[in-house]
Amino acid sequence: MHISIQQAGYDVGQPVLQEIAFALHPGSITGLIGTNGAGKSTTIQAMFGTLPWVEGEIDLPVLLAYIPELPTYYEYLTLAEHLELVASLHETDHAYTERLLKTFELHAVTGDYVSSFSKGMKQKVMLVCALMQRADCLIIDEPFVGLDAVATIRLLHLLEAERTRGVAILLVTHVLDSAERLCDDFVWIDQGRIKHQGTLAQIGEASGQPGARLFDIMEAMVLEHD
């Protein structure tokens, strides 16, 4: 699964992204990191073809699941009806779906409207709807936002299990400690371009901080520009 974006943006001839190229590998988690406005979400839009202007090649699998940063749902559908809708579009495992509902403590509210849920519960609904598809590739945008500590821990273990199952995962996140724990490699975007790319060790070497933690590398970059 390869992503190669020569130029992309919201208006032709005005690139927001330039020379963004990386690969997603089965059984591997790639972290897409960077500051606010660096181009992470724009990269996702370019990958999905929702950006008005993209020059490049995107090769993604047919069976792909996406978890957006902001929960997206049908206001007048219950949780059960959302699950039924996903199941009508993709082959799903009912027993696995039930386990996901229990994992995220949603099994008692399947008859309730998702619109009535808290932000954290809505995020859990997005996670269940994506994971129940057993996709070949997961694109996840800021999954930890709004989750409590217990749900975060459970999600970490679920993503590790998906990696073991051979799923290719792109994780967009600002939570650097979780990214460091989960990710096999990183694509660090800054001002619409790749600043660093590779494993944590490779990024540490490239940034002149061999052996440093991801947060410490980012902190040094911030202080350097202040």
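For the structure itself, consult the block above.
Residues numbered from 1 in each chain as written. Predicted model: local features only at pLDDT ≥ 70, side-chain atom pairs only at ≥ 80, totals over all residues. Heavy atoms only, no water.

1. A closer look at the nonpolar core
Soluble globular proteins tend to bury their nonpolar side chains together. In this structure, L79, F104, L106, V125, L138 and L182 are the most contacted members of the largest nonpolar core, which totals 47 residues. Counting residues per element, this core draws most heavily on helix α4 (residues 119-131), which supplies 7 residues. (Core = buried A, V, L, I, M, F, W, Y, C linked by side-chain atoms within 4.5 Å. Buried < 20%, exposed > 50% of the residue type's maximum accessible area, 1.4 Å probe, protein only. Helix = DSSP H or I, 4+ residues; strand = E, 2+ residues; numbered from the N terminus.)

2. Things to note about the pairing of strand β7 (residues 168-172)
The side chains of a regular strand alternate, residue by residue, between the two faces of the sheet. With 5 of 5 residues buried, β7 lies mostly within the body of the structure. Here β7 shows no split at all, with A168, L170 and V172 on one side and I169 and L171 on the other all buried. Sheet analysis places strand β3 (residues 28-33) next to β7, joined by 5 bridges and oriented parallel. Bridge pairing in β7 places S28 opposite A168. Across 5 bridges, the pairing between strand β6 (residues 137-141) and β7 is parallel. Across the sheet, I139 pairs through a bridge with L170, a residue of β7. (Pairing = 2+ DSSP bridges.)

3. Some points on the pattern of salt bridges
All told, the structure shown has 6 salt bridges when counted by the stated rule. Here R154 and E105 are joined by a salt bridge, their closest N and O atoms 3.7 Å apart. Here R154, found in helix α5 (residues 149-164), pairs with E105, found in the loop between α3 (94-103) and α4; they are 49 residues apart in sequence, far enough to count as distant. The partly exposed category is assigned to R154, whose relative accessible area is 32%. Residue E180 pairs with R213 through a salt bridge whose shortest N-O separation is 2.6 Å. Residue E180 is found in helix α6 (residues 176-182), and its partner R213 is found in the loop between α7 (200-206) and α8 (214-225); the two are separated by 33 residues along the sequence. Accessibility expressed as a relative area gives 46% for R213, which makes it partly exposed. Among the charged side chains, a salt-bridge network with shared partners connects R134, E162 and R165. (Salt bridge = Lys/Arg side-chain N within 4 Å of Asp/Glu carboxyl O.)

4. A few points about the packing of aromatic side chains
What characterises a pair of aromatic rings is the spacing of the ring centres plus the angle enclosed by the ring planes. Applying the stated criterion across every chain, the model contains 1 aromatic pair. Taking 4.8 Å as the distance between ring centres and 70 degrees as the angle between the ring planes, the aromatic pair formed by F48 and Y66 counts as edge-to-face. Linking F48 in helix α1 (residues 40-48) with Y66 in strand β5 (residues 64-67), this pair joins segments that are 18 residues apart in sequence. Between R134 and the ring centre of Y96, over which it is positioned, the NZ or CZ distance is 3.9 Å. (Phe/Tyr/Trp six-rings, centres within 6.5 Å; stacked < 30°, edge-to-face > 60°. Lys NZ or Arg CZ within 6 Å of the ring centre and 35° of its normal.)

5. Some words on the sheet that holds strand β2 (residues 17-23)
Across the sheet, 3 strands lie side by side as β2-β1-β4; this open sheet has antiparallel pairing. Edge positions in the open sheet fall to β2 and β4 (53-59), since each of these has one partner strand only. Here the average twist between neighbouring strands, direction ignored, is 5 degrees. Where strand β1 (residues 2-9) lies against β4, 7 bridges are found, and the strand directions are antiparallel. The partner of Q7 across the bridge, within β4, is E55. (Axes fitted to C-alpha atoms, helices over the stretch in contact; angles between N-to-C directions.)

6. What about the sheet that holds β6?
Backbone hydrogen bonds are what pair the strands of a sheet, in a parallel or an antiparallel way. Reading across from one edge, β5-β6-β7-β3-β8-β9 is the order of the 6 strands in this open sheet, with mixed pairing throughout. Strands with a single pairing partner mark the edges of an open sheet, and in this sheet they are β5 and β9 (193-198). When strand polarity is set aside, the average angle formed by the axes of neighbouring strands in this sheet is 15 degrees. Bridge count between β3 and strand β8 (residues 185-190): 4 bridges; the pairing is parallel. The residue of β8 that forms the bridge with L32 is V187.

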